[in-house]
Amino acid sequence: MTQALSTDVLIVGGGVAGLWLNARLRRKGFSTILVESATLGGGQSVKSQGIIHGGAKYALHGALTGASEAIADMPRRWREALAGNGELDLSGVRLLSDAHYLWSPGSLAGNITSFFASKAVRGRVDQVKGDQLPPALQNPRFKGKVYRLAELVLDVPSLIRRLSELAADGLLAGQSIEPLLEGDKLVGLHIDGQPIRAQRIVLSAGRGNAELLSRLGLNQPAQQLRPLHMVLVKSPNLKPLYAHCLGGGPKPRITVTTHPAADGQWVWYLGGDLAEADGVARDPQQQIAAAQKELGDLLPWVDLSTAQWATLRVDRAEPAQSGLVRPDNAFLHEDDALLVGWPTKLALAPDFADRVLAAFERDGVQPQQHPALPDLPRPTVTTPVWEELF
Ligand code: FAD
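Because the structure is a prediction, the values reported are computed rather than measured.

Caption draft 1: Geometry of the sheet that holds strand 6 (residues 125–128). A sheet is described by the order of its strands in space; here 8 strands give the open sequence 6-7-5-14-15-16-13-17, paired in mixed fashion. Looking at which strands have only one partner, the edges of the open sheet turn out to be strand 6 and strand 17 (308–319). For this sheet, the mean angle separating the axes of adjacent strands, direction not counted, is 25°. Looking at chain direction, strand 13 (residues 223–235) and strand 16 (residues 266–271) are connected through 5 bridges and run antiparallel. By the bridge assignment, Lys-234 is partnered in strand 16 with Val-267. Packing against the sheet, helix 7 (residues 284–298) makes contact with strand 5 (100–104), strand 13, strand 14 (243–246), strand 15 (252–260), strand 16 and strand 17, and its axis sits at approximately 105° to strand 17.

Okay, structure coming up:
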């Protein structure tokens, strides 16, 4: 029989949630093994827009209730980590933009009035004009109003690379996962037949959590998937833009982030309302046509005649909740030695780790001595989605 490996914490899923938690645990002296069945970051994480929200967007529909929401503190915590003096040393991770912008293309609509009246936003938003405008909006034909939010935008591939470095020898490529039981007590997992014992097992496998739970014979917590149909545009004529464009409704009409391709061109990644229900119902060609119309209406001075277009279907995985209200905190469910959760946002990975650490502290889970790990088959870091599509 294969000799069991042992570790303090066995993490399943190498997206931002698992990798961030792993790095924090290691920094606190815990031994960890993180199992990834595909590529690190290749689930939702690298397909995200990389915005480190402080919650301002949610004030648009009154969902942000104020200081109790973990999200309000996220930009500060990420900034400190990026500067190398926070809870993790993320120095070297590329910051794409020091701010995210809110952009109202026409006159102030009703929703934006209540937005500025909201307590969550007061004092955190400044109007910008002229040469302070994002480069893509610096055009004499631009008529709207632009507000700067104290939120960051990160290059997620460089974040995933850095978090993988912080994982040192603890990463394991593994496909098949079965429970390791003592009696009816879960004491670890079999990964591709290799038993690994752990004090605690954390499932942070994004949409993979549902299948893992059913493999462990559990049906709680329930998961929901929220489909999106994103659009990508690549052209030598693009300039950086990181902004939510406000429409009449509570959700941004379009959210644009800009990502560096390896050939030096910029790629615009378009989400927001464009990528939600109606966008999901469109086929890729219709979705590209809808995006071309939006950009033509909003930014008519941008020459997109030679642009390359692609769409990406991706689901956000979250805990099931009534009314599809978006949580502004990470979610963690506990079942003895098993913890399972979703950060619900990339920005909330630190909050996810906080919740796991709080559970360990409450239960007196401490680092223990373990034999050194053998060389483990290591998962690779994912390729950026814009390199795969163009
Ligand atoms: P994932 O990144 O999905 O990682 C899960 C990992 O688990 C994957 O690598 C997967 O391969 C692995 N896995 C699955 N099953 C198994 C298994 N059985 N065994 C081993 N490994 C397994 N959030 C923000 O804060 N800002 C944004 O701008 C933003 N934009 C977004 C845009 C889009 C289009 C989408 C889809 C999401 C966006 N999000 C954003 C949300 C954010 O991406 C997610 O909340 C976050 O990345 C989830 O991280 P995760 O680690 O839980 O999941």
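Caption draft 2: Just the environment of Ala-317, in detail. Mapped onto the secondary structure, Ala-317 falls in strand 17. The spatial distance from the C-alpha of Ala-317 to the C-alpha of Asn-209 is 8.9 Å, given a sequence separation of 108 residues. Beyond its immediate stretch of four places on either side in the chain, Ala-317 contacts Gln-44, Gly-206, Arg-207, Gln-223, Gln-224, Leu-225 and Trp-342.

Caption draft 3: Looking closely at the layout of surface pockets. Counted as a void, the second largest pocket has a volume near 310 Å³. Of the residues assigned to the lining of the second largest pocket, the class counts are 9 nonpolar, 1 polar and 5 charged.

Caption draft 4: Here's a closer look at the environment of Gln-369. When you line up the elements, Gln-369 lands in the loop between helix 8 (349–363) and helix 9 (385–389). Judged by its relative accessible area of 80%, Gln-369 falls in the exposed class. On a C-alpha basis, the gap between Gln-369 and Ala-38 in space is 30 Å, while along the polypeptide they are 331 residues apart.

Caption draft 5: Up close: the site of the ligand. Around the ligand, the surrounding shell holds 36 residues, and the nearest of these are Glu-36, Gln-44, Ser-45, Ile-51 and Ala-347. Between the ligand and the protein, one listed contact pairs an oxygen atom with a backbone N or O atom of Val-16 at 3.2 Å. Between the ligand and Ile-51 there is a distance of 2.8 Å, counted from a nitrogen atom to a backbone nitrogen or oxygen. If the ligand stood free it would expose 1,000 Å²; the protein chains cover 92% of that surface. Residue composition of the shell around the ligand, by class: 16 nonpolar, 16 polar and 4 charged.

Rules and cut-offs
- Residues numbered from 1 in each chain as written.
- Predicted model: local features only at pLDDT ≥ 70, side-chain atom pairs only at ≥ 80, totals over all residues.
- Heavy atoms only, no water.
- Pairing = 2+ DSSP bridges.
- Helix = DSSP H or I, 4+ residues; strand = E, 2+ residues; numbered from the N terminus.
- Axes fitted to C-alpha atoms, helices over the stretch in contact; angles between N-to-C directions.
- Contact = heavy atoms within 4.5 Å.
- 1 Å grid on protein atoms, 1.4 Å probe; cavity = no way out; pocket = protein on both sides within 12 Å on 5 of 7 lines; lining within 4 Å.
- Points joined across faces, edges and corners; volume = space filled by probe spheres on them.
- Nonpolar A, V, L, I, M, F, W, Y, C, P; charged D, E, K, R; others polar.
- Buried < 20%, exposed > 50% of the residue type's maximum accessible area, 1.4 Å probe, protein only.
- Near = heavy atom within 4 Å.
- Polar contact = N/O pair within 3.5 Å; in protein donor to acceptor, adjacent residues only side chain to side chain.
- Areas by Shrake-Rupley, 256 points an atom, 1.4 Å probe, with all protein chains shown as cover.

These values are about where atoms sit, not about what they do.
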